[in-house]
Amino acid sequence: MQFSGNMETNFATKAENSRNMLLQIRKENIKRSFCGSELMGHRRQHIGTVNGVAYYDDSKAECVNATWFTFDTIIGPTIWIADGKCNGGSYDDLRDKVNSNVDGIVCIGNDKKMRQLFDGNATIEQATDIAEAVRKAAAMAKEGSLVIFSPSTASFAQNEIGETFKNEVMKMKQWQRF
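Residues numbered from 1 in each chain as written. Predicted model: local features only at pLDDT ≥ 70, side-chain atom pairs only at ≥ 80, totals over all residues. Heavy atoms only, no water.

A. Local environment of helix 5 (residues 130-140). Of the residues making up helix 5, those classed as buried are I130, A131, E132, A133, V134, A137 and M140. The backbone nitrogen of A131 lies 3.3 Å from a side-chain oxygen of the residue at the head of helix 5, namely D129. (Buried < 20%, exposed > 50% of the residue type's maximum accessible area, 1.4 Å probe, protein only. Helix = DSSP H or I, 4+ residues; strand = E, 2+ residues; numbered from the N terminus. Polar contact = N/O pair within 3.5 Å; in protein donor to acceptor, adjacent residues only side chain to side chain.)

Dropping the structure here:
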């Protein structure tokens, strides 16, 4: 049997092509599931607009890929509220999206990874909890901005944190009336 070229190179190339194809299929399936007209709660859910700033709960974005697809669909200046843990992924995958879409980041907890990757491209603030993060994001946002809570990491209390985010936004809406 004869093979053209180096057999190891051919196998390596085929393996790399297969890997890339699988990643693309995976990303396309994820994107399709996020871009449907019926979004479940805590997935890019519009909570309200306060002082011309729209607030979105994306707390079901429990991995970097989910946040990547959220950023892929947003238009306009954005303040991102994120979790500093980044379990099971790399914020590096978000670099291009953050550089093109995000003006500010409020990181709940450790912001070391965020600062390493995004400092200079976005203003970065640190918060200890979601309530403080919402206040800091509101201070960073300008009229016409979006504030998106998209943690990019899984948590046992994801729904609870999403509800706390909603409650904090609703408090701001109530204060806006006075």
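B. Quick peek at the pairing of strand 1 (residues 45-50). Where strand 1 meets strand 2 (residues 53-57), five bridges bridge the pair, whose relative direction is antiparallel. Pairing of Q45 across the sheet is with D57, part of strand 2. Linking strand 1 to strand 2, which pair antiparallel, is a turn of two residues; within it N51 sits at a positive phi near 55°. (Pairing = 2+ DSSP bridges.)

C. Looking closely at unusual backbone geometry. In this model, N51 sits at a positive phi of 55°, which is unusual for a non-glycine residue. In this structure N51 comes out as exposed when scored by relative accessible area, which is 55%.

D. Molecular detail of the nonpolar core. The biggest cluster of nonpolar side chains holds 20 residues, and the ones touching the most others in it are Y55, I81, V106, I130, V147 and F165. Of all the secondary structure elements, the ones that give two or more residues to this core are strand 1, strand 2, strand 3 (78-83), strand 4 (102-108), helix 5, strand 6 (146-149) and helix 6 (158-176). The element contributing the most residues to this core is helix 5, with five residues. When near neighbours in sequence (up to four residues on either side) are disregarded, I81 contacts V106, I108, I130, A133, V134, A137, V147, I148, F149, S150, P151 and F165. (Core = buried A, V, L, I, M, F, W, Y, C linked by side-chain atoms within 4.5 Å. Contact = heavy atoms within 4.5 Å.)

E. Local environment of the pattern of salt bridges. Tallied over the entire structure, the rule returns six salt bridges. Note that K166 and E163 form a salt bridge whose closest N and O atoms lie 3.5 Å from each other. Placement of both K166 and E163 in helix 6 is noted, with a separation of three residues, approximately one turn of the helix. For K166, a relative accessible area of 17% corresponds to the buried category. Residue class for E163 comes out partly exposed when judged on its relative accessible area of 34%. For E168, the salt bridge identified is with K171, shortest N-O distance 3.1 Å. (Salt bridge = Lys/Arg side-chain N within 4 Å of Asp/Glu carboxyl O.)

F. Here's a closer look at the environment of Q116. Position of Q116 relative to the elements: it lies in helix 4 (residues 112-118). In sequence terms Q116 and D92 are 24 residues apart; their C-alpha atoms lie 9.8 Å from each other.

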